[in-house]
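# Examination of the molecular architecture
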Amino acid sequence: MEPNLFKYVWQHTRLQQLYVLGIVLISMPFLFLSLDLPRQIVNGPIQGAGFSAPGDTQTLLKITVPFSGSEQTPPVVLFEGFQFDRSATLLVLSLIFLTLVIINGLFKFYINTYKGRLGERMLRRLRYELVDRVLRFPLPHMRKVKSAEVASMVKDEVEPLGGFIGDAFVQPVFLAGQALTALAFIMIQSFWLGLIAVAIVALQAVLIPRLRRRLLVLGKQRQLTARALSGRVGEIVDGMGEVRANDASNFERSDIVARLGRIFFIRYELYQRKFFVKFINNFLSQVTPFLFFLAGGYFAIQGTLDIGQLVAVIAAYKDLPSPIRELINWDQIRQDVQIKYSQVAEQFAPGPLLDAASQTALVAAVPALAWPVKVERLSITDETGAKLLENASFSIERGEVIAALGELTAGADVTADALARFVPATGGSIRLGDDNLNDMPESVAGKRIAYVGPDSYLRSGSLMQALTYGLVRAPARAQGEPDLETHETLASGNPLYEPPGESWVSYDLAGVDGLPALTREVLDLLTMVELEDDVFKLGLRVVIDPDKSAAIAARMLEGRAALRTRLTVEGLDDLVEFFDANAYAEQASIERNLFFGLPRTGELTTAALLRDPSVEAVLNSEGLAGELFGIGRQMAMTASELFRDLPPDHPFFEQLTYMEPEELAAYDALLSRVDGLTVSEVASADREDLLTLGMRYCEPRHRLGLLNDDMRLMFVEARARIGATLSDALRQQIAFFDADAYNAGANLEDNILFGRVVYGIADAQRRITEQIRKVLDDLALRDVVAEAGLNYDVGPGGKRLSVSQRQRIGLARALLKRPELLIVNRGLSALSARSQQAIVSRTIARAKASAEVNPMAMFWVLASPAVVSIFDRVLVFRDGRIDEQGPPADLAEQDGEFKRLVG
């Protein structure tokens, strides 16, 4: 990257900078005129200069050709102007002054808006370039960087650059022009007063930057420590399981405390020096008016300076400190952002990047690979120089299935990474026919070669989006009328792409002709990798919008009726308590009973429901507020008595289902505040907290004996009154239970069940889920639920899924794009040996079955060697070398490393 910020800015915005500089220069004469007008107003109509007698007039707005007159000839007059008396002259000059103020304000408005737009364009360009460089980082380098630090630099550290980029060239010219105009005007009025102003300005320009040098060092330290803190917090979040498993929470707290302490003292010193410099600067700014009053007043008394000039000088100086101060601040910001930019540029220049053309080159049709793949004397070393692989040679024929065996550091893993172009070769080569593998464009390699590692990355989004990630190809952009978005995208140096969406999915890569066929193919692959049942369960947990998916909602209502009948026939209806609008649901919380429904979105909280005036009125009139308050207080007291002395990570907290361990201390303090008080006597916040807690109570689940029949009846009666008086705004946010309607706030399983599984009956949940599954099979709805499961949000990096699920999804995603070469590097290591064997066998069988249409070669680093016999050839790695290779049957007859590994 260009290390100098000014060169970077000038390189991309020189025409815009020159344009706005021209606007700045045009604005300077108007500024000068606005400074001179107060003198004319004071000396002329106010003091009467030129109006010696009543009725005298003066000529205003007379226009002559500049430099056209001389001592012998009068100037050329273009316009004779107007004659005004004293009062009219005052009015006209004042209106001209107001007009100049407006003009100067409009100049500033336009210049600042243009600078802001220019800065945001450059910030957008810079952020895009940084992310673009991350996408081209060498993968070995990516293993050394912290994702949180990179994200912090792209998001936060370059943010100040956007505000400065627009000011980089314009601001110093604009501010210096204002200051010089004011100084020139002061010098014209009084040389000595001008000399005083110049001396003070020179002192500020020399002294303040010197005092600020230490601030730059502290600013750099602050930035580095803050970035390190961001990276450390990211590590804690990523490794939270290990932190808790190793009782390292307090160790991490200690580390954070130390880092925060370093940041505190850096920032404290920064503030001290910053405000001391500000004090000096303000002092020097205020000394000048003192000298003007003293010296200017003396000159006025002596008659060498008239009052109008003195007033004009003071008014002009009013506009002088601001640009000088801002110019000094600009210089400070300049040095600060240059440091920031240089550091970012260093971090995003890790060495040779991937060729940009390799990634951005788009091809209309992805060409086939050239065969065979030849690995010739391949050697690989890490960044320390240690040899990971040495002189490995082998070939892969089209459609050949090869297994690689060896310990983790034997060399098989790094060979797979080299075939996937993840690590560079330090010796030898990998060739496809006559072409070098590393010279292949990413648009070809990314579609014809698939890689599955031990930890597949799943982009945040739906499961279907994660599976089709390998099918994305830049679509042809529709040519239409250029709009503002297109203009700004190009002006910011960003490429024009279609927004992410279905248009990016290339169906032809998967060998299908549309979304329905693609969905069918996806479900078949998920069955092959043993994820069909998982996706079905995820589908049962998906919440759909019945307005957008009316057909699915209608079929789920069929399932609801069929399940009720089936449970009765099987004698299992005692395992479920179905919702009844006229009865209290024992297996549901008090909140579900009171409102008899579910929030349509997670934004509707219990506290928001309690604040509704109609709800509050019903609870108070029926005495239910006091009952709920008592239940909430008793729940808090019970939790305090049982868990007060336990650490937050104690396993006993798994039994505390109505509050988080971290909330216990807050409820302890709350109990001490409400001790002996009634619901009407406590503070509104404490009242709301205990009522919210009471709303969570479910007798069979929490078993505290806090409900009786009278209270249940009161809650059911209050249900009807709340339903009748609830505000329209709140009513629209609740999906009420209705036996004949689909509930928009519940997932598919809850809609089919329309009730709650009874607590306390062994294996009840499993048995009910099994019955739901059978009902869906009978109604041919299993695929419908599975398709709904494809909409399940996998979370950031797929963290809502287990490692084994992510690995199987990674394999399914790789197979979906029908690659010519599949590389699997211990991609199923989290699965049992039986599951690995079954999935590998099915994958190879699938590849063999489609060999005539779509032959696929495989290089499979096996985590379990039990399935090695079904491969065409085996490479055995040992100590960074290929120790043996050949058909598995031949190697089994020889005494060597193969026999030891296979057993």
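Residues numbered from 1 in each chain as written. Predicted model: local features only at pLDDT ≥ 70, side-chain atom pairs only at ≥ 80, totals over all residues. Heavy atoms only, no water.

Take the overall build of the protein next. The helix and strand inventory of the protein stands at 37 helices and 18 strands. Residue burial in the protein is summarised as follows: out of 903 residues, 46% are buried. The contacts in the protein between residues at least 6 apart in sequence include a share of 76% that link residues at least 24 apart. Of the roughly 45,100 Å² of accessible surface on the protein, 57% is carried by carbon and sulfur atoms. (Helix = DSSP H or I, 4+ residues; strand = E, 2+ residues; numbered from the N terminus. Buried < 20%, exposed > 50% of the residue type's maximum accessible area, 1.4 Å probe, protein only. Contact = heavy atoms within 4.5 Å. Areas by Shrake-Rupley, 256 points an atom, 1.4 Å probe, with all protein chains shown as cover.)

Counting buried positions over the 6 residues of strand E17 (residues 873-878) gives 5, a clear majority of the element. Taken together, the 4 bridges between strand E7 (residues 401-405) and E17 define a ladder with parallel strand orientation. Of the residues in E17, the one forming a bridge with Ile402 is Arg873. Relative to strand E18 (residues 881-886), E17 runs antiparallel, the two sharing 5 bridges. Bridge pairing links Phe877 to Ile882 in E18. (Pairing = 2+ DSSP bridges.)

Residues in a regular strand point their side chains to alternate faces of the sheet. Here 6 bridges tie strand E5 (residues 373-381) to strand E6 (residues 387-396), and the two strands are oriented antiparallel to one another. Across the sheet, the residue bridging to Val375 is Phe394, located in E6. A loop of 5 residues connects E5 with E6, the two strands running antiparallel in sequence, and Gly385 in this loop sits at a positive phi of about 95 degrees.

A contiguous nonpolar patch, built from Leu91, Leu95, Leu98, Val101, Ile102 and Leu106 and spanning about 560 Å² of accessible area, is present on the exposed surface. Mapped onto the fold, Leu106 is located in helix H2 (residues 86-135). (Patch = residues over 30% accessible without salt bridge, like charges linked within 9 Å, V, L, I, M, F, W, Y side chains within 5 Å. Salt bridge = Lys/Arg side-chain N within 4 Å of Asp/Glu carboxyl O.)

So, about helix H1 (residues 5-46). Taking 1.5 Å of rise per residue, 42 residues should cover 62 Å, yet H1 covers just 52 Å from first to last C-alpha, more than 12% shy of that figure. Maximal helix bending in H1 amounts to about 85 degrees, located at Thr13. Of the residues that open H1, the one with a side-chain oxygen 2.9 Å from the backbone nitrogen of Phe6 is Asn4. (Expected span 1.5 Å × (residues − 1). Bend = angle between axes of the 7 residues up to and from the residue. Polar contact = N/O pair within 3.5 Å; in protein donor to acceptor, adjacent residues only side chain to side chain.)

According to the stated counting rule, one finds 34 salt bridges in the structure shown. Arg121 is the salt-bridge partner of Glu488, the closest N and O atoms lying 2.9 Å from each other. Here Glu488 is found in helix H17 (residues 484-491), whereas its partner Arg121 is found in helix H2, with 367 residues between them in sequence. Among the residues examined, Arg121 registers a relative accessible area of 13% and is labelled buried. Note that Glu407 is salt-bridged to Arg900, the shortest N-O span being 3.3 Å. Taken together, the residues span a long stretch of sequence, with Glu407 in the loop between E7 and helix H14 (412-419) and Arg900 in helix H37 (residues 897-902) at a distance of 493 residues. Note on Glu407: relative accessible area 44%, which makes it partly exposed. Here the salt bridges do not stand alone but share partners, grouping Glu532, Asp533, Lys537, Arg773, Asp777 and Arg782 into one network.

The geometry of helix H21 (residues 550-570) relative to helix H32 (residues 764-778) is characterised by a closest axis approach of 9 Å and an angle of 125 degrees between their N-to-C directions. Overall, the two elements H21 and H32 adopt an arrangement that is oblique. Classified by chirality, the crossing of H32 by H21 is right-handed. Facing H21, whose interface residues are Met556, Gly559, Ala562, Leu563, Arg566, Leu567 and Glu570, H32 presents Ile768, Gln771, Ile772, Lys774, Val775, Leu776 and Asp778. Considered class by class, the residues forming the contact of H21 with H32 number 8 nonpolar, 2 polar and 4 charged. (Axes fitted to C-alpha atoms, helices over the stretch in contact; angles between N-to-C directions. Parallel < 35°, antiparallel > 145°, perpendicular 65-115°, else oblique. Left-handed = near helix turned anticlockwise from the far one by under 90°. Nonpolar A, V, L, I, M, F, W, Y, C, P; charged D, E, K, R; others polar.)

This part covers the nonpolar core. In terms of nonpolar packing, the biggest core is built from 82 residues, with Leu518, Leu811, Leu822 and Trp860 touching the most fellow members. Membership of the second largest hydrophobic core comes to 45 residues, among which are Leu619, Ala636, Leu690 and Val716. (Core = buried A, V, L, I, M, F, W, Y, C linked by side-chain atoms within 4.5 Å.)

Let's shift gears to the sheet that holds strand E10 (residues 449-452). Taken together, 6 strands build an open sheet; the order of strands is E10-E15-E16-E7-E17-E18 and the sheet is mixed. Single-partner strands in this sheet number two, and they are E10 and E18. Strand-to-strand twist across the sheet, computed as the mean angle between neighbouring axes with direction ignored, equals 15 degrees. Pairing analysis gives 4 bridges linking E7 to strand E16 (residues 857-861), with the strands arranged parallel. Residue Val401 lies in a different strand from E16, and its bridge partner there is Met858. Across the sheet, helix H34 (residues 803-816) lies against E10, strand E15 (821-825) and E16, angled at about 175 degrees from E10, the strand it touches most.

On to the side chain of Ser589. With respect to the helices and strands, the residue Ser589 is situated in the loop between strand E11 (576-578) and helix H22 (590-595). Using a relative accessible area of 14% as the deciding quantity, one classes Ser589 as buried. In this structure Ser589 touches Tyr584, Met695, Arg696, Tyr697 and Cys698, once residues within four positions along its chain are discounted.

Turning our eyes to something else, we now look at the sheet that holds E5. The 4 strands lie next to each other as E6-E5-E8-E9, forming an open sheet whose pairing is antiparallel. Single-partner strands in this sheet number two, and they are E6 and strand E9 (435-436). The pairing of E5 with strand E8 (residues 427-432) spans 5 bridges and is classified as antiparallel. Pairing of Lys374 across the sheet is with Arg431, part of E8. Along the sheet, H14 makes contact with E5, E6 and E8, crossing E6 at roughly 60 degrees.

Here we take up unusual backbone geometry. At the junction of Trp371 and Pro372, the peptide bond is cis and its omega measures out at 0 degrees in the coordinates. If you trace the backbone, Pro372 turns up in the loop between helix H13 (356-360) and E5. Here Arg703, not a glycine, exhibits a phi torsion of approximately 50 degrees, which is positive. With phi around 50 degrees, Phe754 is a residue other than glycine that occupies positive phi space. When you line up the elements, Phe754 lands in the loop between helix H31 (748-753) and strand E14 (755-757).

The tally for this structure, following the rule as stated, stands at 13 aromatic pairs. Geometrically, the ring pair formed by Tyr19 and Tyr114 is tilted, given 5.3 Å between the ring centres and 50 degrees between the ring planes. Of this pair, Tyr19 sits in helix H1 while Tyr114 sits in helix H2, and the two are 95 residues apart along the sequence. Residue Tyr19 is classed as partly exposed on the basis of its relative accessible area, which comes to 39%. Aromatic ring contacts, followed pair by pair, group Phe579, Phe596, Phe737 and Phe754 into a single cluster. We note Arg564 situated over the ring of Phe578; from NZ or CZ to the ring centre the distance is 3.7 Å. Positioned above the aromatic ring of Phe536, the side-chain terminus of Arg782 is 4.5 Å from the ring centre. (Phe/Tyr/Trp six-rings, centres within 6.5 Å; stacked < 30°, edge-to-face > 60°. Lys NZ or Arg CZ within 6 Å of the ring centre and 35° of its normal.)

One way to put it is that helix H19 (residues 515-528) packs onto helix H35 (residues 833-849) with a least axis distance of 9 Å and a crossing angle of 135 degrees. As judged from the angle between their axes, H19 and H35 are oblique. Residues Glu521, Leu525 and Met528 of H19 form the contact with H35, whose participating residues are Ile839, Arg842, Thr843 and Arg846. A per-class count over the contact of H19 with H35 returns 3 nonpolar, 1 polar and 3 charged.

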